Amino acid sequence: MFCFVSAQSENRGVTQTRTRLERGRSALGPALELVHTGRAPTRAVLTTELGVTRATAGAVAAELEALGLIQVDSRPLGAAGAQGRPSHRLAIAPHGPVALAAQVHADGFRAALVGLGGRIVATDPGCMTVPADPAHVIDAVVEAGARLLRASGRRCVGAGLAVPSAVAEPEGTALNPLHIAWPAGAPVRELFTRSLAAAGVRGPSGAPLTGLAGNDVNLAALAEHRHGAGGGAQHLLCVATGHRGVGGALVLDGRLHTGSAGLALEVGHLTVNPEGPPCHCGSRGCLDIEADPLAFLVAAGRDPGPEVSLLQQARDLLREEYADPSVRAAADLLIDRLGLGLAGLVNILNPDRIILGGLHRELLEADPERLRAVVAERSLWGRSGGVPVLPCTLDHNSLVGAAELAWQAVLDDPLEALGAA
């Protein structure tokens, strides 16, 4: 028996096949993001989240596995006592590509390789006095990252840089590096791209990479929203103090709010002590100088030493000598100053969650009730229902956030970004 297919039927079949292929390709990025952020641990969850058929979800997962991005468990397992067909588990490919992440801070730099899921594969810290010419430290951190790449043998999807300054968009310039000696307007993105080329760092197709750059606290907030304490928040406020100064960031519906030119959420320059010391910005008693590691050491009567970073000195003092009355009083003072700043931000921004990083995380953990009480007492929204105040959970979250910048192109279109289109 022979079956004759009309030209019209054949064309319709070709169109349907092309439509399925296009639908599958358009689902690759959203599917990868679901696995990347841990929201799709199985193929069944992936099917539900994407709103596609089981067959389409299977094809999408298989394509991502073929690209070396994820791993699909070949032996599906169901939960004990669960009904229905067991589902294949999805995981990040253990030896997949990485992003080169770099961070410059007041006491030096750190380079890392970061895979999907925000997993740090390798890291290399460097201590140095950050010179006035940003090219020197950027060259040093890129060379450290290039050594990590060569040792790992992995593909590099891109590179991101975190800096302690607002980064103007779209120029990629560091506008206010107050705690390092760089000139205002340093072209950090251009310098980063140049260093990557000089170090021989290339993308998946062998082409030179364009470096990406952002403010360190903005990037920490992005990382925490995708992989840490900020997961699921719709209006996430992050405040942190690293080696020097205080920064803030806001994530709205999964996206960083950076303002019209990348300068939003300069929370370090909220006044929390009108009679306080002069700030670098020209005001007095700003959060930036009232609630950072140097402020804590000075309030506790300790002389900062040059041999260890200010952040590490402050952490060690808080952890090891909290019972000392002078240390406890200094911690209380910083908690009260920080609480005042947070209360003002709560009144203005009405976040549904606050996360604290750096030394602020450890101040929260030392006396969580004191900080939460100050925020609740001094803020309208705090009194009306309370805003959760939580510690950040990721180590090196600014580095992970810098890697998120680099991974974004892959999340948007895996085939195009990896040169497989």
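Across its full length, the protein chain holds 15 helices and 14 strands. Taken over the C-alpha trace, the protein chain has a radius of gyration of 24 Å; the compact-globule value for 421 residues is 22 Å, and the two agree within 12%. The dimensions of the protein chain, computed from C-alpha atoms along their principal axes, are 95 × 55 × 40 Å. Counting all 421 residues of the protein chain, 50% fall into the buried class. Nonlocal contacts in the protein chain, meaning residues at least 24 apart in sequence, comprise 63% of its contacts between residues at least 6 apart. In the structure as shown, the protein chain presents an accessible area of about 19,100 Å², 53% of it carried by carbon and sulfur atoms. Of the side-chain charges in the protein chain, 35 are positive and 42 negative, and the distance between the mean point of each set is 9 Å.

For the rest of this paragraph, the subject is the sheet that holds strand β3 (residues 98-105). If you walk across this open sheet you meet the five strands as β5-β4-β3-β6-β9, and the pairing is mixed. Either end of the sheet is taken by a strand with one partner, and the two such strands are β5 (120-127) and β9 (212-215). Mean inter-strand twist for the sheet, computed between neighbouring axes without regard to direction, equals 20°. Contacts between helix α6 (residues 216-227) and the sheet are confined to β3, β6 (156-163) and β9, with β9 contributing the most and set at about 95° to the helix. Taken strand by strand, helix α14 (residues 397-412) contacts β3, β4 (108-114), β5, β6 and β9, and its axis lies near 140° from that of β3.

Take unusual backbone geometry next. Cis peptide bonds are those with omega within 30 degrees of zero, and the linkage from Glu-169 to Pro-170 qualifies with 5°. Examined against the element boundaries, Pro-170 turns out to sit in the loop between β7 (167-168) and β8 (173-174). Its identity is not glycine, yet Asn-350 carries a phi of approximately 50°, on the positive side. Judged by relative accessible area, Asn-350 falls into the partly exposed class, the value being 41%. The backbone of His-396 sits at a positive phi, close to 55°, despite the residue not being glycine. Structurally, His-396 is set in the loop between β14 (389-391) and α14.

Evaluated as defined, the whole model comprises 17 salt bridges. For Glu-33, the salt bridge identified is with Arg-39, shortest N-O distance 3.9 Å. Two residues, Arg-337 and Glu-290, come together in a salt bridge whose shortest N-O distance is 3.6 Å. You can see Arg-337 sitting in helix α10 (residues 325-349) and its partner Glu-290 sitting in helix α7 (residues 287-290), a full 47 residues away along the chain. The buried category is assigned to Glu-290, whose relative accessible area is 9%.

Moving on, we come to the packing of helix α4 (residues 134-152) against helix α5 (residues 188-198). At a minimum axis distance of 9 Å, the contact between α4 and α5 shows a crossing angle of 45°. Considered as vectors, α4 and α5 are oriented oblique to each other. Pair α4 / α5 crosses with right-handed handedness. Counting all contacts with α4, which are made through Pro-134, Ala-135, Ile-138, Asp-139 and Val-142, the residues of α5 involved are Val-188, Leu-191, Phe-192, Ser-195 and Leu-196. Looking at the contact of α4 with α5 residue by residue, the class counts come to eight nonpolar, one polar and one charged.

All right, on to α14 then. Three- or four-residue spacings in an α-helix give side chains the same orientation, since the helix completes a turn every 3.6 residues. Over its 16 residues, α14 runs 22 Å from end to end, which matches the ideal 22 Å to within 8%, given 1.5 Å per residue. Along α14, the largest kink reaches about 40° and is centred on Ala-406. In terms of burial, α14 is a largely internal element, 12 of the 16 residues being buried. Three or more residues of α14 are buried, namely Asn-397, Ser-398, Leu-399, Val-400, Gly-401, Ala-402, Ala-403, Glu-404, Ala-406, Trp-407, Val-410 and Leu-411.

This next bit is on the sheet that holds strand β11 (residues 247-252). Taken together, the five strands give an open sheet; going across it, the order is β12-β11-β10-β13-β14, and neighbouring strands pair in mixed fashion. Both outer strands of the open sheet, β12 (255-256) and β14, are each paired with one neighbouring strand and no more. Its contacts with the sheet put helix α11 (residues 359-366) on β10 (235-241), β13 (353-358) and β14, and the angle it makes with β13 is roughly 110°.

What follows covers the nonpolar core. Counting 38 residues, the largest nonpolar core has Val-239, Phe-296, Leu-342, Ile-354, Leu-356 and Leu-371 as the members making the most contacts within it. The element contributing the most residues to this core is α10, with nine residues. Residues in contact with Ile-354, not counting those within four places in the same chain, are Leu-237, Leu-342, Val-346, Val-387, Pro-388, Val-389 and Leu-390.

Before going further, it helps to examine the side chain of Asp-288. Examined against the element boundaries, Asp-288 turns out to sit in helix α7. At 6.4 Å, Arg-244 is the nearest oppositely charged side chain to Asp-288, a buried residue that forms no salt bridge. For Asp-288, the side chain forms a polar contact with the side chain of His-179, separated by 2.7 Å. Leaving out residues up to four positions away in the same chain, Asp-288 has contacts with His-179, Gly-245, Val-246, Gly-268, His-269, Cys-279 and His-280.

This brings us to the pairing of β11. For β11, a buried count of five out of six residues is recorded, marking the element as mostly surrounded by other parts of the structure. Strand direction decides the pairing type here: β10 and β11, joined by six bridges, are antiparallel. For Val-239, the partnering residue across the bridge sits in β11 and is Gly-248. A loop of five residues connects β10 with β11, the two strands running antiparallel in sequence, and Gly-245 in this loop sits at a positive phi of about 75°. Here β11 folds back onto β12 in antiparallel fashion, the turn holding two residues, of which Asp-253 has a positive phi close to 50°.

Conventions and cut-offs
- Residues numbered from 1 in each chain as written.
- Predicted model: local features only at pLDDT ≥ 70, side-chain atom pairs only at ≥ 80, totals over all residues.
- Heavy atoms only, no water.
- Helix = DSSP H or I, 4+ residues; strand = E, 2+ residues; numbered from the N terminus.
- Rg over C-alpha atoms; globule rule 2.2 N^0.38 Å.
- Buried < 20%, exposed > 50% of the residue type's maximum accessible area, 1.4 Å probe, protein only.
- Contact = heavy atoms within 4.5 Å.
- Areas by Shrake-Rupley, 256 points an atom, 1.4 Å probe, with all protein chains shown as cover.
- Lys, Arg positive; Asp, Glu negative; His and termini not counted.
- Charge placed at Lys NZ, Arg CZ, Asp CG, Glu CD.
- Pairing = 2+ DSSP bridges.
- Axes fitted to C-alpha atoms, helices over the stretch in contact; angles between N-to-C directions.
- Salt bridge = Lys/Arg side-chain N within 4 Å of Asp/Glu carboxyl O.
- Parallel < 35°, antiparallel > 145°, perpendicular 65-115°, else oblique.
- Left-handed = near helix turned anticlockwise from the far one by under 90°.
- Nonpolar A, V, L, I, M, F, W, Y, C, P; charged D, E, K, R; others polar.
- Expected span 1.5 Å × (residues − 1).
- Bend = angle between axes of the 7 residues up to and from the residue.
- Core = buried A, V, L, I, M, F, W, Y, C linked by side-chain atoms within 4.5 Å.
- Polar contact = N/O pair within 3.5 Å; in protein donor to acceptor, adjacent residues only side chain to side chain.

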